[in-house]
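Next come the chains, spelled out residue by residue.
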Amino acid sequence: MPHTTALEPPETDQWFVDSPELSEFVTTAKEIIASTNRNHTETLNILEPYFAALLQKRDWLPEHFAQPNPESGLGGGIGQWLLYRSQELTIFSLVIPPNSITPIHDHLSWGLVGLYQGKQEETVYRRLDNGELEGFAQLEIVGLYQVKRGDIYRLLPPDGDIHSVKATTVFTPSISIHVMGNDTGSILRNKYNPEQQSIQSFCSGYSNAP
Ligand SMILES: [Fe+2]
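Everything numeric here is computed off the predicted structure, so don't read it as measured data.

Caption draft 1: Inspection of the overall build of the chain at higher detail. Of the regular secondary structure elements, the chain holds 2 helices and 12 strands. Taking 210 residues into account, the globule formula puts the C-alpha radius of gyration at 17 Å, and the chain, at 16 Å, falls close to it. Expressed along its principal axes, the backbone C-alpha trace of the chain runs to roughly 45 × 40 × 30 Å. For the chain, the residues scored as buried account for 48% of the 210 residues in total.

Caption draft 2: Spotlight on the coordination of the iron ion. Here the iron ion is held by His105 (NE2), His107 (NE2) and His163 (NE2), and the distances to it run 2.1 Å. Mapped onto the polypeptide sequence, the residues donating to the iron ion form the spacing pattern H-x1-H-x55-H. Of this pair, histidine 107 sits in the loop between strand S4 (104–105) and strand S5 (111–117) while histidine 163 sits in strand S9 (residues 162–167); the two residues are 56 residues apart in sequence, bridging distant segments of the chain. With a relative accessible area of 1%, histidine 107 lands in the buried category. Taking relative accessible area as the criterion, histidine 163 reaches 1% and is therefore assigned buried.

What counts, and where the lines are drawn
Residues numbered from 1 in each chain as written. Predicted model: local features only at pLDDT ≥ 70, side-chain atom pairs only at ≥ 80, totals over all residues. Heavy atoms only, no water. Helix = DSSP H or I, 4+ residues; strand = E, 2+ residues; numbered from the N terminus. Rg over C-alpha atoms; globule rule 2.2 N^0.38 Å. Buried < 20%, exposed > 50% of the residue type's maximum accessible area, 1.4 Å probe, protein only. Donors = N, O, S within 2.8 Å, 3.2 Å for Na, K, Ca; no water.

Structural measurements only, silent on function.
Structure follows, in C-alpha coordinates:
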(Lines give C-alpha, C1' and ligand atoms only; values in the text may rest on other atoms or scores of the structure.)
Protein backbone atom coordinates (compact mmCIF):
# COMPACT_ATOMS: atom_id res chain seq x y z
CA MET A 1 0.00 0.00 0.00
CA PRO A 2 1.20 3.57 -0.58
CA HIS A 3 2.58 5.30 2.45
CA THR A 4 0.47 7.99 4.06
CA THR A 5 2.72 8.72 7.03
CA ALA A 6 2.82 12.38 7.96
CA LEU A 7 5.21 14.42 10.00
CA GLU A 8 3.23 15.97 12.83
CA PRO A 9 1.84 19.34 11.71
CA PRO A 10 2.78 22.28 13.94
CA GLU A 11 0.77 23.01 17.08
CA THR A 12 0.69 26.72 16.33
CA ASP A 13 0.33 28.83 13.22
CA GLN A 14 3.45 29.28 11.10
CA TRP A 15 3.51 32.34 8.84
CA PHE A 16 6.04 32.71 6.03
CA VAL A 17 4.57 35.83 4.43
CA ASP A 18 3.26 38.97 6.02
CA SER A 19 0.13 39.79 4.06
CA PRO A 20 -3.19 41.20 5.35
CA GLU A 21 -5.02 39.62 2.38
CA LEU A 22 -3.68 36.17 3.20
CA SER A 23 -4.22 36.47 6.94
CA GLU A 24 -7.84 37.55 6.38
CA PHE A 25 -8.35 34.50 4.14
CA VAL A 26 -6.74 32.17 6.72
CA THR A 27 -9.04 33.48 9.47
CA THR A 28 -12.09 32.82 7.29
CA ALA A 29 -10.83 29.42 6.15
CA LYS A 30 -10.21 28.24 9.72
CA GLU A 31 -13.72 29.28 10.74
CA ILE A 32 -15.19 27.40 7.76
CA ILE A 33 -13.10 24.29 8.47
CA ALA A 34 -14.24 24.30 12.11
CA SER A 35 -17.91 24.89 11.28
CA THR A 36 -18.11 22.25 8.53
CA ASN A 37 -16.73 19.61 10.91
CA ARG A 38 -14.84 17.33 8.51
CA ASN A 39 -17.53 17.42 5.82
CA HIS A 40 -14.96 18.19 3.14
CA THR A 41 -17.43 18.74 0.30
CA GLU A 42 -19.13 21.42 2.38
CA THR A 43 -15.75 22.90 3.35
CA LEU A 44 -14.87 23.24 -0.34
CA ASN A 45 -18.29 24.64 -1.29
CA ILE A 46 -18.20 27.39 1.32
CA LEU A 47 -14.48 28.16 1.05
CA GLU A 48 -14.26 28.42 -2.74
CA PRO A 49 -15.79 31.93 -3.21
CA TYR A 50 -13.43 33.37 -0.57
CA PHE A 51 -10.49 31.72 -2.34
CA ALA A 52 -11.71 33.12 -5.69
CA ALA A 53 -11.72 36.59 -4.13
CA LEU A 54 -8.15 36.11 -2.84
CA LEU A 55 -6.99 35.07 -6.33
CA GLN A 56 -8.48 38.23 -7.82
CA LYS A 57 -6.35 40.40 -5.52
CA ARG A 58 -2.88 41.33 -6.77
CA ASP A 59 0.42 42.04 -5.09
CA TRP A 60 -0.12 40.04 -1.91
CA LEU A 61 2.30 37.28 -2.97
CA PRO A 62 5.88 38.51 -2.43
CA GLU A 63 8.26 38.14 -5.40
CA HIS A 64 10.37 35.65 -3.46
CA PHE A 65 7.43 33.19 -3.40
CA ALA A 66 6.86 33.54 -7.15
CA GLN A 67 10.27 32.14 -8.17
CA PRO A 68 11.21 28.74 -9.62
CA ASN A 69 13.60 26.60 -7.56
CA PRO A 70 16.45 24.69 -9.24
CA GLU A 71 16.71 22.42 -6.16
CA SER A 72 13.08 21.38 -6.53
CA GLY A 73 11.77 18.22 -4.85
CA LEU A 74 9.32 17.96 -7.76
CA GLY A 75 11.99 18.33 -10.47
CA GLY A 76 11.83 20.69 -13.44
CA GLY A 77 12.84 23.73 -11.38
CA ILE A 78 9.39 23.82 -9.77
CA GLY A 79 9.23 26.04 -6.68
CA GLN A 80 6.97 24.97 -3.82
CA TRP A 81 6.88 27.85 -1.35
CA LEU A 82 5.21 27.51 2.01
CA LEU A 83 3.09 30.57 2.85
CA TYR A 84 1.20 29.42 5.94
CA ARG A 85 0.89 26.23 7.97
CA SER A 86 -1.14 25.03 10.96
CA GLN A 87 -2.70 21.78 12.19
CA GLU A 88 -5.73 22.00 9.92
CA LEU A 89 -4.61 24.14 6.99
CA THR A 90 -1.55 24.57 4.75
CA ILE A 91 -1.17 27.14 1.97
CA PHE A 92 1.68 27.16 -0.54
CA SER A 93 2.49 28.55 -3.96
CA LEU A 94 3.61 26.22 -6.75
CA VAL A 95 5.75 27.95 -9.36
CA ILE A 96 6.16 25.99 -12.59
CA PRO A 97 8.68 27.37 -15.13
CA PRO A 98 7.53 27.62 -18.79
CA ASN A 99 6.99 24.17 -20.33
CA SER A 100 7.97 22.34 -17.13
CA ILE A 101 5.67 19.57 -15.97
CA THR A 102 5.16 17.99 -12.55
CA PRO A 103 5.42 14.25 -12.08
CA ILE A 104 2.03 12.50 -11.91
CA HIS A 105 1.33 12.75 -8.19
CA ASP A 106 -1.35 12.65 -5.50
CA HIS A 107 -2.05 14.90 -2.48
CA LEU A 108 -3.96 12.63 -0.06
CA SER A 109 -6.12 15.49 1.22
CA TRP A 110 -8.97 17.79 0.32
CA GLY A 111 -7.76 20.96 -1.31
CA LEU A 112 -8.43 23.90 -3.58
CA VAL A 113 -5.93 24.88 -6.26
CA GLY A 114 -6.26 28.24 -8.01
CA LEU A 115 -4.26 29.97 -10.72
CA TYR A 116 -2.64 33.21 -9.60
CA GLN A 117 -0.52 33.79 -12.70
CA GLY A 118 -0.13 32.24 -16.15
CA LYS A 119 -1.73 29.16 -17.68
CA GLN A 120 -1.58 25.43 -17.04
CA GLU A 121 -2.66 22.19 -18.58
CA GLU A 122 -3.87 19.70 -15.99
CA THR A 123 -4.21 15.99 -16.71
CA VAL A 124 -6.35 14.16 -14.15
CA TYR A 125 -6.05 10.41 -13.57
CA ARG A 126 -8.04 7.76 -11.79
CA ARG A 127 -6.57 4.66 -10.23
CA LEU A 128 -7.95 1.36 -11.57
CA ASP A 129 -6.28 -1.18 -9.25
CA ASN A 130 -7.10 -1.63 -5.56
CA GLY A 131 -3.63 -0.70 -4.28
CA GLU A 132 -2.94 -4.13 -2.80
CA LEU A 133 0.13 -4.92 -4.90
CA GLU A 134 3.25 -3.12 -3.61
CA GLY A 135 4.74 -0.74 -6.19
CA PHE A 136 1.97 -1.38 -8.74
CA ALA A 137 -0.62 1.13 -9.90
CA GLN A 138 -2.79 1.26 -12.99
CA LEU A 139 -4.06 4.66 -14.06
CA GLU A 140 -6.43 5.97 -16.67
CA ILE A 141 -6.86 9.57 -17.78
CA VAL A 142 -10.23 11.01 -16.80
CA GLY A 143 -9.79 14.63 -17.83
CA LEU A 144 -7.58 17.18 -19.56
CA TYR A 145 -8.15 20.80 -18.58
CA GLN A 146 -6.77 24.15 -19.69
CA VAL A 147 -6.54 26.31 -16.59
CA LYS A 148 -6.19 30.08 -16.70
CA ARG A 149 -5.75 32.85 -14.15
CA GLY A 150 -8.54 32.84 -11.56
CA ASP A 151 -9.65 29.26 -12.32
CA ILE A 152 -9.98 26.91 -9.35
CA TYR A 153 -10.03 23.14 -9.22
CA ARG A 154 -10.82 20.81 -6.34
CA LEU A 155 -9.00 17.90 -4.79
CA LEU A 156 -11.29 15.55 -2.92
CA PRO A 157 -9.64 12.11 -2.75
CA PRO A 158 -10.05 9.90 -4.57
CA ASP A 159 -11.71 12.40 -6.96
CA GLY A 160 -9.24 14.64 -8.76
CA ASP A 161 -6.43 13.63 -6.40
CA ILE A 162 -4.02 12.21 -9.00
CA HIS A 163 -2.78 14.58 -11.66
CA SER A 164 0.12 16.17 -13.49
CA VAL A 165 0.34 19.86 -14.26
CA LYS A 166 2.22 21.53 -17.08
CA ALA A 167 2.90 25.25 -17.43
CA THR A 168 1.71 26.34 -20.88
CA THR A 169 3.19 29.81 -20.62
CA VAL A 170 6.11 30.70 -22.89
CA PHE A 171 8.13 33.28 -20.95
CA THR A 172 6.88 33.54 -17.38
CA PRO A 173 6.25 30.82 -14.80
CA SER A 174 2.74 29.67 -14.00
CA ILE A 175 1.85 30.11 -10.33
CA SER A 176 -0.90 28.26 -8.51
CA ILE A 177 -1.94 28.70 -4.90
CA HIS A 178 -2.74 25.51 -2.98
CA VAL A 179 -5.11 25.53 0.00
CA MET A 180 -4.76 22.10 1.58
CA GLY A 181 -6.10 20.14 4.53
CA ASN A 182 -2.74 18.42 5.04
CA ASP A 183 0.91 19.48 5.14
CA THR A 184 1.33 18.33 1.53
CA GLY A 185 5.04 19.15 1.20
CA SER A 186 6.03 17.29 4.37
CA ILE A 187 4.15 14.02 4.02
CA LEU A 188 5.06 10.89 2.13
CA ARG A 189 2.75 10.77 -0.86
CA ASN A 190 2.99 9.09 -4.23
CA LYS A 191 4.18 9.61 -7.77
CA TYR A 192 3.11 7.42 -10.63
CA ASN A 193 4.46 6.13 -13.92
CA PRO A 194 1.51 4.85 -15.98
CA GLU A 195 3.69 3.32 -18.74
CA GLN A 196 5.52 1.19 -16.20
CA GLN A 197 2.36 0.81 -14.09
CA SER A 198 4.41 1.82 -11.06
CA ILE A 199 3.88 3.88 -7.92
CA GLN A 200 6.62 5.28 -5.72
CA SER A 201 6.38 7.24 -2.46
CA PHE A 202 8.11 10.61 -2.26
CA CYS A 203 8.24 13.77 -0.20
CA SER A 204 8.27 16.96 -2.25
CA GLY A 205 9.43 19.20 0.60
CA TYR A 206 9.18 23.00 0.43
CA SER A 207 11.65 25.41 -1.13
CA ASN A 208 11.71 27.52 2.03
CA ALA A 209 10.96 25.24 4.99
CA PRO A 210 11.91 21.83 6.35
FE1 LIG B 1 -0.77 18.70 -7.51
